[in-house]
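# A look at the structure
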Amino acid sequence: MRPFATVEGPVGSRFAALARGLRGSLRTALDVALPPLCPACREPVEDLALCASCWSKLSFIARPYCERLGIPFAYDPGQGLLSMQAIADPPAYNRARAAVRYDDIARALVHAFKYGDRLDLAPTLGRWTASAGRELLAEADALIPVPLHWRRLWARRFNQSASLAQAISAASSVPVLHTALTRVKATAHQVGLSQTERTGNVQGAFRVPPQGRAEIAGRRLVLVDDVLTSGATVDACTRVLLRAGAANVDVLVFARVVAAAKSAI
Ligand SMILES: [Zn+2]
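What comes next is a walk through the structure. None of the values given here were measured: they were computed from a predicted structure.

### Notes on the nonpolar core
- If you look at the biggest cluster of nonpolar residues, it comprises 36 residues, and the most contacted ones within it are Leu 58, Leu 109, Leu 125, Trp 128, Leu 143, Ile 168 and Phe 254.
- Mapped onto this core, the elements with two or more residues apiece are strand S1 (96–101), helix H4 (104–114), helix H5 (122–132), helix H6 (134–138), helix H8 (160–172), strand S5 (220–228) and strand S6 (248–256).
- Top contributing element to this core by residue count: H4, with 6 residues.
- If sequence neighbours within four positions are ignored, Ile 168 has contacts with Gly 126, Thr 129, Ala 130, Leu 137, Leu 143, Val 224 and Leu 252.
- Counting 35 residues, the second largest nonpolar core, distinct from the first, contains Tyr 65, Ile 144, Val 208 and Leu 223.

Structure (structure tokens):
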């Protein structure tokens, strides 16, 4: 493909398109010849996101959990209870739900999806996430993917949150608003930052552009992201959406970090 890169103008771009097409069909041919690998253990799998052994180790989140934060309780404190954390430090969003705990298997899935060109995982991750967020989706008017800054979008070529939102939309029929929220600040990676640093890092990072206001005013929204860690990013997004007139903001992610079990009060 190297020679095409130096050819410019309309002929060049036609060559580039041809090269892309060829590369695409080559990849398709290879996919047919070689079954995909399990993202977690690299064993070949047939038409599945994970091999049976890794699938059985995936930790799906189910009730009992904090009705606000969606963090699982170690024991069942009874219906409708909130965690200590939700009461002491309530988030800007209304409720959060996640399909699985962010452990080694979930991390492998997210990495394959995000960095490893395994966009074919989207429908499966979307189905699992839609199922975890059934109650939120039943009341939702629209999904809003957590946006990437254009520079990161350029480098990675796609926004994994938007792909996940699209897959959740296919499973739930709730439409996606792709341009109602934008990222105006290229933030540093949140990894290794404290909670306060994370909050500062995403401050002023998101904006609802003028045309987005009409799309979200009075609407019940579900913010979609791949992983929920400290919640600083979705909290910053939620504040911006509520300020711009959204009626409600819930959060739905594929995986969430679950720290030590929180007791209920
Ligand atoms: Zn496996």
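So much for the structure itself; the text now carries on.
### A short note on the sheet that holds S6
- Reading across the sheet, the 4 strands line up as S1-S6-S5-S2 and stay open at both edges, with parallel pairing between neighbours. Whereas interior strands pair on both sides, the edge strands pair on one side only; in this sheet they are S1 and strand S2 (142–145). The average angle at which neighbouring strand axes cross in this sheet is 20°, direction not considered.
- As judged from the 8 bridges shared by S5 and S6, these two strands associate in the parallel manner. Bridge pairing in S6 links Asp 225 to Val 253.
- Its contacts with the sheet place H8 against S2, S5 and S6, and it is angled at close to 125° to S5.

### Here's the deal with the environment of Thr 124
- Topologically, Thr 124 is positioned in helix H5.
- Measuring from C-alpha to C-alpha, the distance between Thr 124 and Ala 49 comes to 6.8 Å, with 75 residues separating the pair along the chain.

### As for the coordination of the zinc ion
- Protein-derived ligands of the zinc ion are Cys 38 (SG), Cys 41 (SG), Cys 51 (SG) and Cys 54 (SG), with the metal-ligand distances lying across 2.2 to 2.4 Å.
- If you look at the zinc ion, its 4 donor atoms make angles of 102 to 117° with each other, and the shape they trace is tetrahedral.
- Sequence spacing of the donor residues for the zinc ion, all on one chain, is C-x2-C-x9-C-x2-C. Of the two residues, Cys 41 is situated in the loop between helix H1 (9–33) and helix H2 (52–57) and Cys 54 in helix H2; the sequence distance between them amounts to 13 residues.

### Some words on helix H11 (residues 232–243)
- The first and last C-alpha atoms of H11 sit 17 Å apart over 12 residues, in line with the 16 Å expected at 1.5 Å per residue.
- Of all the residues in H11, the buried ones are Ala 232, Thr 233, Val 234, Asp 235, Ala 236, Cys 237, Thr 238, Val 240 and Leu 241.
- Buried residues along H11 sit against S2, helix H9 (195–202), strand S4 (206–207), helix H10 (210–216), S5 and S6.

### Description of the side chain of Asp 235
- With respect to the secondary-structure elements, Asp 235 resides in helix H11.
- At 3.1 Å, the side chain of Asp 235 and the backbone nitrogen of Ala 92 are in polar contact.
- Among the polar contacts listed, one links the side chain of Asp 235 to the side chain of Arg 239, at a separation of 2.9 Å.
- Every residue in contact with Asp 235, bar those within four places of it in the chain, is listed here: Pro 91, Ala 92 and Tyr 93.

### So, the pattern of salt bridges
- Counted under the stated rule, the structure contains 11 salt bridges.
- With a closest N to O distance of 2.9 Å, Asp 250 and Arg 95 form a salt bridge. Here the residue Asp 250 occupies a position in strand S6, and Arg 95 occupies one in the loop between helix H3 (84–88) and S1, the gap between them amounting to 155 residues.
- Residue class for Arg 95 comes out buried when judged on its relative accessible area of 15%.
- Where Asp 235 meets Arg 239, a salt bridge forms, and the shortest distance between an N and an O atom there is 2.9 Å. Residue Asp 235 and its partner Arg 239 are both found in helix H11; the two are separated by 4 residues, about one turn of the helix.
- Overall, the relative accessible area of 45% leaves Arg 239 in the partly exposed class.
- One connected set of salt bridges, linked through shared partners, spans Arg 63, Glu 67, Arg 97 and Glu 135.

What counts, and at which threshold
Residues numbered from 1 in each chain as written. Predicted model: local features only at pLDDT ≥ 70, side-chain atom pairs only at ≥ 80, totals over all residues. Heavy atoms only, no water. Core = buried A, V, L, I, M, F, W, Y, C linked by side-chain atoms within 4.5 Å. Buried < 20%, exposed > 50% of the residue type's maximum accessible area, 1.4 Å probe, protein only. Helix = DSSP H or I, 4+ residues; strand = E, 2+ residues; numbered from the N terminus. Contact = heavy atoms within 4.5 Å. Pairing = 2+ DSSP bridges. Axes fitted to C-alpha atoms, helices over the stretch in contact; angles between N-to-C directions. Donors = N, O, S within 2.8 Å, 3.2 Å for Na, K, Ca; no water. Tetrahedral: all angles 85-135°; square planar, octahedral: opposite > 155°, others 65-115°. Expected span 1.5 Å × (residues − 1). Polar contact = N/O pair within 3.5 Å; in protein donor to acceptor, adjacent residues only side chain to side chain. Salt bridge = Lys/Arg side-chain N within 4 Å of Asp/Glu carboxyl O.

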